[in-house]
Amino acid sequence: MNAPYRLLHEISPAEFSRIRRRMIFEFCKWDPQVGDVAVLSNRPLLLAGNEWNLLTRHAENLYCETLAAEAEIVQSPRLHQSLGLSRFIRNALAETCSDATQHPPRLMRFDFHHTPLGWMISEVNSDVPGGFIESSAFPSLVAEHFPGKTTLGDPARYLAQVIRANDAPFEAIAMVHATAYTDDRQVMVYLSRCFEAEGMRPMLASPADIRWELGAAYVRSRNREHRVDLMVRFFPSEWLPNLPRTCKPRRFFSNESPSIVNPASAIVTQTKRFPLVWKDLKTKLSLWSKLLPETRVVDRERMADESWIVKPALGRVGALIGIHGVTPPQELAKIHATCKRHPAHWVAQKRFCITPVETLNGLEYPSIGVFVIDGRVAGCYGRISSRPIIDDRAKDIVVLIETNNRDQ
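Before going into details, it helps to say that this report is about the structure given with it. (Residues numbered from 1 in each chain as written. Predicted model: local features only at pLDDT ≥ 70, side-chain atom pairs only at ≥ 80, totals over all residues. Heavy atoms only, no water.)

## Some words on the packing of aromatic side chains
Summed over all chains, the structure comprises 11 aromatic pairs. For the pair F274 and W278, a centre-to-centre distance of 5.5 Å together with 80° between the ring planes defines the contact as edge-to-face. Look at W278 and you get buried, because its relative accessible area is 17%. Taking 5.9 Å as the distance between ring centres and 65° as the angle between the ring planes, the aromatic pair formed by W278 and W288 counts as edge-to-face. On the criterion of sequence distance, the pair formed by W278 in the loop between α7 (267-270) and α8 (286-291) and W288 in helix α8 is long-range, its members being 10 residues apart. (Phe/Tyr/Trp six-rings, centres within 6.5 Å; stacked < 30°, edge-to-face > 60°. Buried < 20%, exposed > 50% of the residue type's maximum accessible area, 1.4 Å probe, protein only. Helix = DSSP H or I, 4+ residues; strand = E, 2+ residues; numbered from the N terminus.)

## Quick notes on unusual backbone geometry
Residue N262 is bonded to the preceding V261 through a cis peptide linkage, with omega at -5°. On the secondary structure map, N262 appears in the loop between β14 (259-261) and α7. Residue C28 is not a glycine yet carries a positive backbone phi of 65°. Note on placement: C28 falls in the loop between α1 (13-25) and β2 (33-34).

## Notes on the packing of helix α4 (residues 132-143) against helix α6 (residues 182-197)
When two helices pack together, their arrangement is given by the angle between the helix axes and the distance between those axes. Close contact between α4 and α6 brings their axes to 10 Å; oriented N to C, the two are set at 50°. It follows from the interaxial angle that α4 and α6 lie oblique. As α4 runs across α6, the sense of the crossing is left-handed. Between α4 and α6, the contacting residues are F132, I133, S136 and A137 on the first element and Q186, V187, Y190 and L191 on the second. Residues belonging to the contact of α4 with α6 are distributed by class as follows: six nonpolar, two polar and no charged. (Axes fitted to C-alpha atoms, helices over the stretch in contact; angles between N-to-C directions. Parallel < 35°, antiparallel > 145°, perpendicular 65-115°, else oblique. Left-handed = near helix turned anticlockwise from the far one by under 90°. Contact = heavy atoms within 4.5 Å. Nonpolar A, V, L, I, M, F, W, Y, C, P; charged D, E, K, R; others polar.)

## A short note on the sheet that holds strand β10 (residues 210-213)
Pairing is antiparallel across the open sheet formed by three strands, whose spatial order is β10-β11-β12. Looking along the sheet, the strands with just one partner apiece sit at the ends: β10 and β12 (224-227). Shown here is a sheet whose adjacent strand axes are inclined to one another by a mean of 30°, direction ignored. In this structure, β10 lies alongside strand β11 (residues 216-221), joined through four bridges in antiparallel fashion. Within β11, the residue paired with I210 across the bridge is V219. (Pairing = 2+ DSSP bridges.)

In structure tokens:
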């Protein structure tokens, strides 16, 4: 099958150096390289307009299916054991009574890969999806060099606009994140600027800065304590059990007061073991079933079979994915050993082949992460790798379409 995308020409070194500086100093991209390797691609990916329309429909329908499944799973404690979650999280979910469908906005990112069989997804980032800077600021700078091409949205700005337009008076917003990590901090600083541009008052905070009292939350900022109207969480759910009990981490699993984007209960669909409970749900996941590769428990036969890959249930950024012929043999052996010791925290998934693009340096493999905010597609996060695995070595790549395809 022909690829539905192609690489455009390189931006000149001088112009791309200017883009890189602007990304660092104006748009908070403080980690533009990993080691000695640049992570910003100087060539955008041109996607066929009809393919973007298809991904838009898929992502919005997947969003609806995901929310419905989450609401059912949260209210079904008997299913939590199968999801590879800690006892703390299972207990927190058992106490949660919030309805995921009744507290917009919600934020998800579906990662699409083109294959000989068409588009497939590898996962949904429904807990704390990243890529805001790379999908909002970066495309706008790159598109200036490609007349007749256009970007696919601005998720950061759209999120701010959705929150601003919400019926609830969201004024004081706690931007909750792991403040010690620069890569997390840069995201929240950038989002804060977008929120400020919409007239809101964001306050950067760690979970330890939140004080819970009588159904309300407070955060101290600029020597004053503010009651929080909304939290934007960029602190993964599986990290919450590591917080001191005084931080009341279980409160992040409820979306009652204040509202949280996203509530920590989203972990029930973030986990890669999510498909293992589908057979026990009343919710129909017809599109999920069509687009996600077959997913099963890990066993010795599947680890030995090259047509299967293994993933940690709560892995991120492609870390610790075991693929025969792609993952270095010593690393793969370690991954399989861990699978054997802790099979309940891993999953096996049928392998698929990503449709590559040709470059002077060989084949490269793109992925297109589609953001859905409050039920509507808001943009995409493109990544491209020299290996058929999208991990921390992959580059961020801008995805464009022809301008005359934008509204078709």
